[in-house]
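Residues per chain, in single letters:
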Amino acid sequence: MQPQPPSQAPVEPKRLLLMDDEPTSTLISHAERRIRAAGYNVDLVTTMGEAIAAFHRHYYDLIILDIDMSQSSDPSAGDGVTVLQQLMALYHQSQVVLFSGAGTVAHWFAASSAHCAGYVAKDESGQDAAGAPQDSIDRLLQSIARALDSEPPARRDTGPMPPTLLLAGNDPALRSDVQAQLAQSGLAISDYSLDEAAALSDETLATFGVVLLLQHEFNTRQRTRQALARLLSLSPHPHVIAGCDGRNELRDSILYLANQRPFRLINLSQTNWPDQLQAAVSEAQIWYGRAEIVATHADALRRVEITLPADYLAAWSSEGESSDVE
Amino acid sequence: MSNKLIYVADSNVLVDYVAHYIKPTASLTAADRQRIARIADFCDRNQNPIFVPDLVWSEFLGVMLHKGFDSCPTYADYQKWFRDRQMLIQQIEHRLVHPLQNLTLYHWPEDAAPNPFKRSEELLTDPQLIDQASFNFIDRGKCFDGIDGAIMLYANQIAHDHPEIKVVLYSGDRVLSQMIPRLQRRYRWIANNLSGFWSRQDRLPAGRDYSDLTALNAHQLF
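Please read all numbers here as calculations on a predicted model, not as lab measurements. (Residues numbered from 1 in each chain as written. Chains lettered and ligands numbered in written order. Predicted model: local features only at pLDDT ≥ 70, side-chain atom pairs only at ≥ 80, totals over all residues.)

A count of helices and strands for chain A gives 13 helices and 13 strands. Expressed as a percentage of its 326 residues, the buried residues of chain A come to 40%. For chain A, long-range pairs separated by at least 24 residues make up 69% of all intrachain contacts whose partners lie at least 6 apart in sequence. (Helix = DSSP H or I, 4+ residues; strand = E, 2+ residues; numbered from the N terminus. Buried ≥ 20, exposed ≤ 12 C-beta atoms within 10 Å, placed from the backbone. Contact = placed C-beta atoms within 7 Å.)

So this is what it looks like as structure tokens:
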């Protein structure tokens, strides 16, 4: 008798949630069909309230959110980034990808800092690594696959964070400004150009507690992107904070940074960027070596049903209580 | 000694703290709800640090991760069940890790005695402390078990680390509360290092603002 190959258990398809307020649009109809064709199960919701309710009802491996939800009759305030922030506050290991045609500069930075796994613009097109043309749905599928393949940040016993900060970028004046801003931080600052920083060995990079990548504009050349990708892949050990100017014409490079999942993405066009930077450095130190847990969204958390251990509740009971056994 | 306090929280306090932020499936009495609201108010607003020993945190994780597991008929149900528990654990972890929060995770120091359970055996096997005649009214297995013994050692170690600050053990464990006076009489190190044991929230006047609880207030509870 021929030996039988071991039977393979069927693989459960990943379950996705897609939130969009224009479900009958050609783009979303195509996107839904192609997501299914790629082997995923997908539920479609058209309001932000439905998305939050679905999150509490089911487990989803990944959630895709539109940003502008003004076409829905949803009484919930906010937009897709608000929903992202709520979901991240509840459960940071959920993967959330934004798929939007109407995101503003503020949305790009806010979504990245709220730890979205990917950000794809609906009008985005380009080429894949082999030079084949890609539309925005190709990009979305790529972003989904990448997010689902990524492991949640490992919890490592990293010990105390080294009090060192690597500052990298190609704007000497900006780096000088930042050095002055962080003079009171208690961190020893090492200053490098982007290329110099990317050329450091893994062992050297691991000696830093925080990495700052700041430049008014990051160009879209391959060499720059490789340097950014290498340095941004260090998080959470150490966490990497990126910052650049927030202008519409810089969308490609800003979304590139957002898709590399920095710990924070800071808009240097805002006047309060030094305050944002100080706060980001503090938070990066707190969550050194681990994924950031965003503060609770209490109203949403109250929808979670949990069975409490009855013996613990009973232990508080006043029944049979005496002041002392002796 | 200053008027500052460090509270050492037991796992039942954490369970009630969690209960404040979720929708419990079991029905709660009015007294439960009142106590839960007060504990959450206390944990969120009092001005003194609340230390959660790593052992208590482990016990809490064990308790929360066991409840309701058998009510998951499908894999999808299990995924949601597990996610919801992780969600809760993350929320408490945020409070344990973030320096702006009251809760602080306390790790047994590496240079202290190697294992808190080792010395707790001394308490557990002391016939003068736990004799059947005095404790025959309760389930023997629940009487001052290994965790109770170890939390006393954690409170002692925290007092050792912070000699100028009073240490108050904060627990809902009725049996442990009944043991404390006997422990304090029998062991000098407990009498010296444990300033108080606060277990009976219902003795506090309703509507009180717990954010200003001071050492004096705490001692009035005993």
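Residues and elements named next belong to chain A. Split into domains, chain A comes out as domain 1 (15-149) and domain 2 (164-286). Inter-centroid distance (C-alpha atoms) of domain 1 to domain 2 is 26 Å. Across the boundary between the two partners, domain 1 contributes 10 residues, which contact 13 residues of domain 2. Among the elements that make up the side of domain 1 that touches domain 2, the one with the highest residue count is helix α4 (residues 105-113) (6 residues). Split by residue class, the side of domain 1 that touches domain 2 holds 7 nonpolar, 3 polar and no charged. (Domains from an automatic or database assignment. Nonpolar A, V, L, I, M, F, W, Y, C, P; charged D, E, K, R; others polar.)

All names here are of chain A. Within strand β11 (residues 239-244), 6 of the 6 residues are buried, leaving the element largely enclosed by the surrounding structure. Burial along β11 is two-sided: the face carrying H239, I241 and G243 and the face carrying V240, A242 and C244 are both buried. Summarising the sheet, strand β10 (residues 210-214) and β11 pair through 5 bridges and their orientation is parallel. Across the sheet, V210 pairs through a bridge with H239, a residue of β11. Assessed by its sense of winding, the connection that carries the chain from β11 through helix α10 (residues 251-259) to strand β12 (residues 264-267) is right-handed. (Pairing = 2+ DSSP bridges. Right-handed = clockwise from strand over helix to strand, strands pointing away.)

Right, let's get into the sheet that holds strand β2 (residues 41-45) of chain A. Residues and elements named next belong to chain A. Here 5 strands make up an open sheet; going across it, the order is β2-β1-β3-β4-β5 and the pairing parallel. Two strands bound the open sheet, and with one partner strand each, they are β2 and β5 (118-121). Neighbour to neighbour, the strand axes of the sheet diverge by 20° on average, direction disregarded. As paired elements, strand β1 (residues 15-19) and β2 share 5 bridges and run parallel to each other. Bridge pairing in β2 places R15 opposite N41. Those strands touched by helix α1 (residues 26-37) are β1 and β2, and its axis lies near 155° from that of β2. (Axes fitted to C-alpha atoms, helices over the stretch in contact; angles between N-to-C directions.)

Contacts between chain A and chain B engage 32 residues on the former and 39 residues on the latter. When residues of the side of chain A that touches chain B are traced back to their parent elements, those giving at least two are α12 (298-301), β13 (305-306) and α13 (310-315) of chain A. With 4 residues, the single largest contributor to the side of chain A that touches chain B is α13 of chain A. Partitioning the side of chain A that touches chain B into residue classes produces 18 nonpolar, 7 polar and 7 charged. Of the pairings in the sheet, the one linking β13 of chain A to strand β2 (residues 23-24) of chain B comprises 2 bridges and is parallel in character. Opposite I306 of chain A, over in β2 of chain B, you have P24 of chain B as the bridge partner.

Since the α-helix turns once every 3.6 residues, residues separated by three or four places project in the same direction. Residue and element names in this part refer to chain B. Spanning 13 residues, helix α8 (residues 174-186) covers 19 Å between terminal C-alpha atoms, matching the ideal 18 Å at 1.5 Å per step. At I180, α8 is deflected by roughly 35°, the largest bend along its length, and proline P181 occurs up to four residues later in sequence. Taken residue by residue, α8 has R174, L176, S177, Q178, M179, I180 and L183 as its buried positions. (Expected span 1.5 Å × (residues − 1). Bend = angle between axes of the 7 residues up to and from the residue.)

The next subject is the environment of G159 of chain A. By the element assignment, G159 of chain A lies in the loop between α5 (136-149) and β8 (164-168). On a C-alpha basis, the gap between G159 of chain A and G289 of chain A in space is 8.7 Å, while along the polypeptide they are 130 residues apart.

Attention now goes to the sheet that holds β12 of chain A. Residue and element names in this part refer to chain A. Strand order in this open sheet of 5 strands is β9-β8-β10-β11-β12, and the pairing throughout is parallel. Of all strands in the sheet, those with a lone pairing partner are β9 (188-192) and β12, marking the two edges. Across the sheet, the mean angle separating the axes of adjacent strands is 20° when strand polarity is ignored. This element, helix α6 (residues 172-181), spans β8, β9 and β10 of the sheet and lies at about 140° to β10.

Residues L84, V97 and L212 of chain A together with V8 of chain B are the most contacted members of the largest nonpolar core, which totals 136 residues. Considering every element that reaches this core, the biggest residue donor is helix α7 (residues 146-161) of chain B, with 8 residues. Not counting residues within four places of it along the chain, the set of residues in contact with V97 of chain A comprises L62, I64, C116, A117, G118, V120, S143, I144 and A147 of chain A. (Core = buried A, V, L, I, M, F, W, Y, C linked by C-beta atoms within 7 Å.)

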